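Chain by chain, the residues:
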Amino acid sequence: MKSLQLEEEIAKEQVNFANEEIARLEKVVEVKQEVIEKLQTEIATANEQTESVKAEVDAVLTQINAERQKVFVKKDELISKMNQKGLSFYQKIRRWAKNTTAVPVKNQACYGCFLAINDKTYAEVIKGEEITTCPHCGRILYMETQEDTAK
Ligand SMILES: [Zn+2]
């Protein structure tokens, strides 16, 4: 009888211990669940932000492409209106001068080769009646307007 009681006691203790362990693990699960929920919320927020940034970038890109298209159309228009002789002259210089085919004159100096130009050439550039080229490097010279300086 006594030994049976003892066994029962031990069994009870084991059950208690097991219940405590279950309660502890349930608490752990609960905490982990909270962490998961918090992370999921953060992921959702991050995804939303990514979406909105992407939408903004797309809108800007669309705008840039539209502007670009306008510039292309304008460029084609200008080329078609241009004097063909002047155009081939320009293109010949452009072959070697690339983006500095036409350069401004500042302080009576060519901004392609940075050498000073003589008074006669300078006067021609100021007049602006003919296409004037730099006597040193051959680039097309133009006077910088207020609008150009503002850029
Ligand atoms: Zn020059």
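Residues numbered from 1 in each chain as written. Predicted model: local features only at pLDDT ≥ 70, side-chain atom pairs only at ≥ 80, totals over all residues. Heavy atoms only, no water.

### A look at the overall build of the protein
Part 1 of the reasoning: Across its full length, the protein holds four helices and four strands.
Part 2 of the reasoning: Secondary structure elements of the protein occur, N-terminal to C-terminal, as α-α-β-β-α-β-β-α.
Part 3 of the reasoning: Relative to the 2.2 N^0.38 estimate, which gives 15 Å for 151 residues, the radius of gyration of the protein is 40 Å and therefore markedly larger than a compact globule would have.
Part 4 of the reasoning: Going through the 151 residues of the protein one by one, you find that 13% of them count as buried.
Part 5 of the reasoning: Surface exposure of the protein reaches about 12900 Å², of which carbon and sulfur atoms provide 57%.
Part 6 of the reasoning: One way to put it: in the protein the 22 positive side-chain charges average out to a point 18 Å from where the 25 negative ones average out. (Helix = DSSP H or I, 4+ residues; strand = E, 2+ residues; numbered from the N terminus. Rg over C-alpha atoms; globule rule 2.2 N^0.38 Å. Buried < 20%, exposed > 50% of the residue type's maximum accessible area, 1.4 Å probe, protein only. Areas by Shrake-Rupley, 256 points an atom, 1.4 Å probe, with all protein chains shown as cover. Lys, Arg positive; Asp, Glu negative; His and termini not counted. Charge placed at Lys NZ, Arg CZ, Asp CG, Glu CD.)

### As for the sheet that holds strand β1 (residues 102-106)
Part 1 of the reasoning: With mixed pairing, the four strands of this open sheet are ordered in space as β2-β1-β4-β3. Strand pairing shows two members of the sheet lacking a second neighbour, β2 (109-110) and β3 (132-133), which therefore form its edges.
Part 2 of the reasoning: Against the sheet, helix α3 (residues 119-127) touches β1, β3 and β4 (140-143), its axis set at about 60° to β4. (Pairing = 2+ DSSP bridges. Contact = heavy atoms within 4.5 Å. Axes fitted to C-alpha atoms, helices over the stretch in contact; angles between N-to-C directions.)

### Considerations on the domain arrangement of the protein
Quoted interface sizes are often the accessible area lost when the parts come together.
Part 1 of the reasoning: Domain boundaries in the protein define domain 1 (1-81) and domain 2 (83-150).
Part 2 of the reasoning: Domain 1 and domain 2 are separated by 61 Å when their C-alpha centres are compared. (Domains from an automatic or database assignment.)

### As for helix α2 (residues 84-97)
Part 1 of the reasoning: Relative to the 20 Å expected for 14 residues at 1.5 Å per residue, α2 spans 19 Å between its end C-alpha atoms, a close match to the ideal helical length.
Part 2 of the reasoning: Three or more residues of α2 are buried, namely G86, L87, I93 and A97. The arc that holds the buried residues of α2, viewed along the axis, is 130°, so those residues lie on one side. In α2, the exposed residues that point more than 90 degrees away from the buried face are Q84, K85, K92 and R95.
Part 3 of the reasoning: Directly after α2, the chain includes K98, whose backbone phi takes a positive value near 50°. (Expected span 1.5 Å × (residues − 1). Arc of directions from axis to C-beta.)

### Some thoughts on the environment of A116
Part 1 of the reasoning: Within the secondary structure, A116 sits in the loop between β2 and α3.
Part 2 of the reasoning: On the accessibility criterion, A116 (55% relative accessible area) is exposed.
Part 3 of the reasoning: Spatially, the C-alpha atoms of A116 and V28 are 82 Å apart, while their sequence positions differ by 88 residues.

### Quick word on the confidence of the model for the protein
Part 1 of the reasoning: Scored by pLDDT, the protein has a mean of 92; 96% of the residues are at 70 or more.
Part 2 of the reasoning: The element-level mean pLDDT for the protein is lowest in helix α4 (residues 146-150), coming to 56, with β2 highest at 96. (pLDDT = per-residue confidence, 0-100.)

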